[in-house]
Amino acid sequence: MRPPDDEPAPDSCPPPAPSATALVETLHRVARPQDHFDSARALVLDHTVRLALYIGAPDEIEAVGHALRLCRLLLSQCPALIRHRIADFRLL
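Our subject in this report is the structure included herewith. Predicted model, so just to flag it, every value in this text is computed and none were measured.

## Some remarks on the overall build of the protein chain
Logical step 1: Helices and strands together make up the secondary structure of the protein chain, namely two helices and two strands.
Logical step 2: What you see in the protein chain, going N to C, is helices and strands ordered as α-β-β-α.
Logical step 3: In the protein chain, which comprises 92 residues, the share counted as buried stands at 24%.
Logical step 4: Excluding contacts between residues fewer than 6 apart, the proportion of contacts in the protein chain whose partners are at least 24 apart in sequence is 50%.
Logical step 5: Approximately 6,700 Å² of the protein chain is accessible, and the part contributed by carbon and sulfur atoms is 55%.

## Thoughts on the environment of A52
Logical step 1: Residue placement: A52 occurs in strand 2 (residues 48-55).
Logical step 2: Along the primary structure A52 and A40 are separated by 12 residues, whereas in three dimensions their C-alpha atoms are 5.5 Å apart.
Logical step 3: Among all residues touching A52, those that are not within four sequence positions of it are S39, A40 and R41.

What counts and how
- Here, residues in each chain are numbered from 1, in the same order as that chain's written sequence.
- In keeping with the model being predicted, local features are shown solely for residues with a pLDDT of at least 70 and side-chain atom pairs are shown and tallied solely at 80 or more, while totals for entire chains, interfaces and linings include all residues.
- Processing note: side-chain calculations cover all non-hydrogen atoms of the structure and skip hydrogens and water entirely.
- Strands here mean DSSP runs of E at least two residues long; helices mean DSSP runs of H or I at least four residues long; both are numbered from the N terminus.
- Only protein chains enter the accessibility calculation, which uses a 1.4 Å probe. A residue is then buried if its area is under 20% of the maximum for its type, exposed if over 50%, and partly exposed in between.
- The contact rule is simple, with two residues in contact once any of their heavy atoms fall within 4.5 Å.
- Computed with a 1.4 Å probe, the accessible areas rest on the Shrake-Rupley method; for each residue, only the protein chains presented here act as cover.

Quick look at the structure:
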């Protein structure tokens with residue numbers, strides 16, 4: 001039996017993310033010196049997490065690589081983010 005059309009499927013949305021503070025603390029805990037991670041800010045809105053990562057790298061390509069690695073590491077180390085994915089990436 002399928003759910004009525006006006007109700008979302010039970011697996012359609014990821015669970016709410018942890019607090020922004022918890023995400024930033026996790027990043028500081030899992031980051032390695034070679035990641036050139038300086039600091040981060042997080043914004044959590046319902047099922048969406050937005051991160052601003054400050055990375056000191058010699059060039060843009062290396063900074064992007066470190067940022068993506070940190071995001072993947074955060075996804076793997078934070079159980080509350082198990083069903084979240086990297087959906088958008090912008091370089092500022």
